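# Structural characterization, general
This is what each chain is made of:
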Amino acid sequence: MQMLHTVAELRAAVRLAGAVALVPTMGNLHAGHLQLIQTARQRGLPVVSSLFVNPLQFGPGEDFERYPRTLQADATQLAEAGCNILFVPSVTEMYPEAQTCRVVPPLADELCGASRPGHFAGVATVVLKLFNMVQPRIALFGKKDYQQLFILRLMTRQLNLPIEILGIDTVRAEDGLALSSRNGYLSATERAEAPRLYQVLQTLAAALRAGETDLAALENAAAAELTRHGWQVDYVQIRAQSTLLAPAPTEAACVVLAAARLGNTRLIDNLEVTRPMQTV
Ligand code: PAF
């Protein structure tokens, strides 16, 4: 695996590699990231991964400074997983001047965007820059960041980028907790409590599957259950998979999304669910 630090080196390497798959990351890798690399490998393309803690997607008071930086361990895991090129730019290499051409994607103020203003503009900007630098044939993202995946698909479609976006299923710990670099912030007590987020989503999904139609009541009950156990809830929402907006009564394919804080750690999770068709 080549480890490269400049855009010029990256461009030269991908020119030689031909069509490639791209897996953007912020590092501190876990099995979910490695699943993205493995899926990219299965597509038979050389794999480029990037490791960049992107300051543009962190708001004031968020965890940019303390975000875990574990380059050596990440590089070892990526090489073992079959990554061919690892791009590790500095902040000045990625943003040599004040970044003016920031994309403001649709849905940027919804769900996670409501409590993290500017976050999705920062994500879209860095991913668009990586797309331009690498010009991959496919790019892979985890479904745990469901709204991010949705927004990046929209951006790719709206800007006519010739890139196939693949969403890969969330990898979970045995107790159901979605793997996340931020799980490392949890104390032992918080880690024991953390699987409740997924359990609450499963309960809500089961009620939807059983034909419950009062979505607000379901969302409120789920949020109340988390609050009762010490969580500070940002949102629990039932949305349509096709639009990420409130589902019409006739829309069967839904996704339940939640974000909540345990102590100082903000966790997100989601669950796709198909409910019975309603007649209106
Ligand atoms: O999901 C992430 O790790 C980041 O948001 C991404 C896509 C690498 C952009 O910085």
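Higher on the page you've got the structure.
Here the structure is a predicted model, which means the values were calculated and not measured.

### Examining the pairing of strand β3 (residues 47–51)
- By the criterion of burial, β3 is predominantly enclosed, with five of the five residues buried.
- Of the two faces of β3, both are covered, the one formed by V47, S49 and L51 as well as the one formed by V48 and S50.
- Examined bridge by bridge, strand β2 (residues 21–25) and β3 share five bridges and lie parallel to one another. Looking at β3, one finds that L22 is bridged to V48.
- Following the chain from β2 across helix α2 (residues 31–42) to the adjacent parallel β3, one finds a crossover that is right-handed.
- Relative to strand β4 (residues 85–87), β3 runs parallel, the two sharing three bridges. Each bridged residue has a counterpart across the sheet, and for V48 the counterpart in β4 is I85.
- A crossover connection joins β3 to the parallel β4 through helix α3 (residues 71–81); in handedness this β-α-β unit is right-handed.

### Quick word on the pattern of salt bridges
- On inspection of all chains with the given rule, the structure shows twelve salt bridges.
- A salt bridge links R182 to D63, with the nearest nitrogen and oxygen atoms 2.7 Å apart. With R182 in the loop between β6 (164–168) and α8 (188–193) and D63 in the loop between β3 and α3, this residue pair connects regions lying 119 residues apart in the sequence. As far as the burial class goes, R182 and D63 line up, both buried.
- Where R228 meets E225, a salt bridge forms, and the shortest distance between an N and an O atom there is 2.3 Å. Residue R228 and its partner E225 are both found in helix α10 (residues 215–228); the two are separated by three residues, about one turn of the helix.
- Taking relative accessible area as the criterion, E225 reaches 23% and is therefore assigned partly exposed.
- Overlapping salt bridges, with partners in common, bring together K143, D169 and E272 in one network.

### What about the sheet that holds strand β1 (residues 2–4)?
- Taking strand neighbours across the sheet as the criterion, the six strands line up as β1-β4-β3-β2-β5-β6 in an open arrangement whose pairing is parallel. Each having just a single partner strand, β1 and β6 make up the two edges of the open sheet. Going from strand to strand, the sheet's axes swing by 25 degrees on average, the running direction of each strand aside.
- Bridge count between strand β5 (residues 138–142) and β6: five bridges; the pairing is parallel. Within β6, the position partnered with L140 by the bridge is L166.
- On the sheet, helix α6 (residues 119–134) packs against β2, β3, β4, β5 and β6 and is oriented at approximately 145 degrees with respect to β2.
- Strand contacts of helix α7 (residues 146–158): β5 and β6, with the helix running at about 170 degrees to β6, the strand carrying the most contacts.

### Regarding the site of the ligand
- Around the ligand, the neighbouring residues are P24, T25, M26, Q57, V126, F141 and Q148.
- Q57 places a polar side-chain atom, nitrogen or oxygen, 2.6 Å from an oxygen atom of the ligand.
- A distance of 2.7 Å separates an oxygen atom of the ligand from a polar side-chain atom of Q148.
- Considering the ligand on its own, with 290 Å² of exposed area, one finds that the protein chains cover 88% of that surface.
- Grouping the amino acids of the shell around the ligand by side-chain chemistry returns four nonpolar, three polar and no charged.

Rules of the game
- Residue positions within a chain follow its written sequence, with the count starting from 1.
- Per-residue local features of the predicted model are confined to residues with pLDDT of at least 70, and side-chain atom pairs are confined, for both listing and counting, to 80 or more; whole-chain, interface and lining totals are unaffected and use all residues.
- With hydrogens and water set aside, each side-chain value is computed from the structure's full complement of heavy atoms.
- The cut-offs for exposure are 20% and 50% of the maximum accessible area for each residue type, with area from a 1.4 Å probe on protein chains only; residues under the lower value are buried, those over the upper are exposed, and the others partly exposed.
- Here a helix means four or more residues in a row that DSSP labels H or I, a strand means two or more in a row labelled E, and each is numbered from the N terminus.
- By the convention used here, strands pair only if DSSP detects at least 2 bridges between them.
- Seen with its strands pointing away from the viewer, a crossover is right-handed if its path from the first strand over the helix to the second goes clockwise.
- When a carboxyl oxygen of Asp or Glu lies within 4 Å of a side-chain nitrogen of Lys or Arg, that pair is called a salt bridge.
- Note on geometry: axes are lines fitted to C-alpha atoms, helical ones only across the stretch in contact, with angles between N-to-C directions running from 0 to 180 degrees.
- Throughout, a contact is declared for two residues whenever any of their heavy atoms are within 4.5 Å.
- We call a residue near a molecule or strand whenever a single non-hydrogen atom of that residue lies within 4 Å of it.
- Here a polar contact is taken to be a pair of N or O atoms separated by no more than 3.5 Å, where protein atoms must pair a possible hydrogen donor with a possible acceptor and residues adjacent in sequence count only if both atoms sit in side chains.
- Methods summary: accessible areas were calculated by the Shrake-Rupley approach with a probe of 1.4 Å, and residue burial reflects only the protein chains presented.
- Polarity classes work like this: nonpolar for Ala, Val, Leu, Ile, Met, Phe, Trp, Tyr, Cys and Pro, charged for Asp, Glu, Lys and Arg, and polar for all others, with Gly in that last group.

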